[in-house]
2 protein chains.
Amino acid sequence: MTAHFDTALSKGTLESGDALTPRFNEDGLIACVAVEADTGEILMLAWMNAEALQMTIESGTAHYWSRSRQCLWKKGETSGQIQTVRRMRIDCDQDAIVIDVTVGGDGGACHTGKRSCFYRDIELGGADATRARLVTNAR
Amino acid sequence: MTAHFDTALSKGTLESGDALTPRFNEDGLIACVAVEADTGEILMLAWMNAEALQMTIESGTAHYWSRSRQCLWKKGETSGQIQTVRRMRIDCDQDAIVIDVTVGGDGGACHTGKRSCFYRDIELGGADATRARLVTNAR
């Protein structure tokens, strides 16, 4: 089963219209940023295919496409870190999504056990940018 | 000129190490989410190639790769919406970046004139997810 979304007929309807016409990439995926609804903390960036997007909108629970496992992925199905979607936004050219979520289980999102996947800062201002160091942040 | 970044030698160093070893996609790009540093508002999602990433780290000003124009893109060069990077984070498997920025010019990020590219909400709970409506939000 593959969900079918419409395609915008013009740049105007894509950017200013009220119809959801997501632009999936050549792999059939759209980027989705999950944000903790109460704190605004950015938890993760993952990918949705058409079916995952449809299921997320219908169920109100975040579904993604696992690129490593090549399968539909209901986030938290095994970990308990279910993401309940409070709000969903799409960007100007409809190729990126932001979801505000509340998280079940231990409240985390990252497979490493960290709350957010973005647990390391890139050190700025070093002599050689391509050798920049990472510093684990408090989260 | 193409910047060269190292590649992680193991999943352990990729996820737990202190070396920046970004994983660019097959097009040589990595996703970057720009967040307003003071408010936490998500402004945009764009893409960096190795050179844009290097220049962002070195200069402290956001550079991207324009997929439409196929060129390096110093954000704000024409609009004045220069993004000064206050903080930069990378995720667990080093294929996504978040930057906290302060924005020059009128403080916006979107080419449509909106402050954030995410100016439309996807209506949840409709009968048919593939026909979901978009509602312009206050931003």
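*Asks:* In this structure, what is going on with the layout of surface pockets? I would like to understand it.
*Replies:* Over the atoms rolls a probe the size of a water molecule, and in doing so it shows where empty space is left. Here the largest pocket is characterised by a volume of approximately 1300 Å³. For the largest pocket, the lining is made up of 48 residues, of which Ala46, Trp47 and Arg67 of chain A together with Asp93 and Asp95 of chain B are closest to its centre. If you list the elements that add at least two residues to the lining of the largest pocket, you get strand S1 (30-36), strand S2 (42-48), strand S3 (63-66) and strand S4 (71-74) of chain A together with helix H1 (11-16) and strand S1 (30-36) of chain B. The greatest single-element share of the lining of the largest pocket, amounting to 4 residues, is contributed by S2 of chain A.

*Asks:* Just to check I follow, could you spell out the pattern of salt bridges for this structure?
*Replies:* Between side chains of opposite charge, pairing is possible as soon as their charged atoms come close. In this structure the tally under the stated criterion is 18 salt bridges over all chains. Between Arg23 of chain A and Asp93 of chain A there is a salt bridge, and its shortest N-O distance comes to 3.4 Å. Taken as a pair, Arg23 of chain A in the loop between helix H1 (11-16) and S1 and Asp93 of chain A in the loop between strand S5 (83-90) and strand S6 (96-103) lie far apart in primary sequence, 70 residues in all. Across the salt bridge formed by Arg131 of chain A and Asp6 of chain B, the nearest N and O atoms sit 3.9 Å from each other. Placement of Arg131 of chain A in the loop between strand S7 (120-122) and strand S8 (134-136) and of Asp6 of chain B in the segment before H1 is noted, with the two residues assigned to different chains. A cluster of three or more residues bridged by salt bridges with shared partners is formed by Arg23, Asp93 and Asp95 of chain A together with Arg67 of chain B.

*Asks:* Would you explain the sheet that holds strand S2 (residues 42-48) of chain B in this entry?
*Replies:* Backbone hydrogen bonds are what pair the strands of a sheet, in a parallel or an antiparallel way. Spatially, 6 strands are ordered S8(A)-S7(A)-S5(B)-S6(B)-S1(B)-S2(B) in an open sheet, and the strand pairing comes out mixed. Of all strands in the sheet, those with a lone pairing partner are S8 of chain A together with S2 of chain B, marking the two edges. Across the sheet, the mean angle separating the axes of adjacent strands is 30° when strand polarity is ignored. By the bridge criterion, 7 bridges tie strand S5 (residues 83-90) of chain B to strand S6 (residues 96-103) of chain B in an arrangement that is antiparallel. Residue pairing across strands places Ile90 of chain B opposite Ile97 of chain B, the latter belonging to S6 of chain B.

*Asks:* Would you mind going over the environment of Tyr64 of chain A with me for this structure?
*Replies:* Within the fold, Tyr64 of chain A resides in strand S3. For Tyr64 of chain A and Ala129 of chain A, which are 65 residues apart along the polypeptide, the C-alpha to C-alpha distance reads 33 Å.

*Asks:* Please clarify how the packing of aromatic side chains should be interpreted in this entry.
*Replies:* Two numbers describe a pair of aromatic rings. These are the distance of the centres and the angle of the planes. Residues and elements named next belong to chain A. Tallied over the entire structure, the rule returns 5 aromatic pairs over all chains. Measuring from centroid to centroid gives 6.1 Å for Phe5 and Phe24, while their planes differ by 55°, and the two rings are tilted. Taken as a pair, Phe5 in the segment before H1 and Phe24 in the loop between H1 and S1 lie far apart in primary sequence, 19 residues in all. Look at Phe24 and you get partly exposed, because its relative accessible area is 25%. Centre to centre, the rings of Tyr64 and Trp73 are 5.3 Å apart; their planes meet at 45°, and the pair counts as tilted. For Tyr64, a relative accessible area of 0% translates into the label buried. Sitting over the face of the ring of Tyr119, Lys114 holds its NZ or CZ atom 4.5 Å from the ring centroid.

Conventions used here
- Residues numbered from 1 in each chain as written.
- Chains lettered and ligands numbered in written order.
- Predicted model: local features only at pLDDT ≥ 70, side-chain atom pairs only at ≥ 80, totals over all residues.
- Heavy atoms only, no water.
- 1 Å grid on protein atoms, 1.4 Å probe; cavity = no way out; pocket = protein on both sides within 12 Å on 5 of 7 lines; lining within 4 Å.
- Points joined across faces, edges and corners; volume = space filled by probe spheres on them.
- Helix = DSSP H or I, 4+ residues; strand = E, 2+ residues; numbered from the N terminus.
- Salt bridge = Lys/Arg side-chain N within 4 Å of Asp/Glu carboxyl O.
- Pairing = 2+ DSSP bridges.
- Axes fitted to C-alpha atoms, helices over the stretch in contact; angles between N-to-C directions.
- Phe/Tyr/Trp six-rings, centres within 6.5 Å; stacked < 30°, edge-to-face > 60°.
- Buried < 20%, exposed > 50% of the residue type's maximum accessible area, 1.4 Å probe, protein only.
- Lys NZ or Arg CZ within 6 Å of the ring centre and 35° of its normal.

Purely geometric stuff here, so don't read any function into it on its own.
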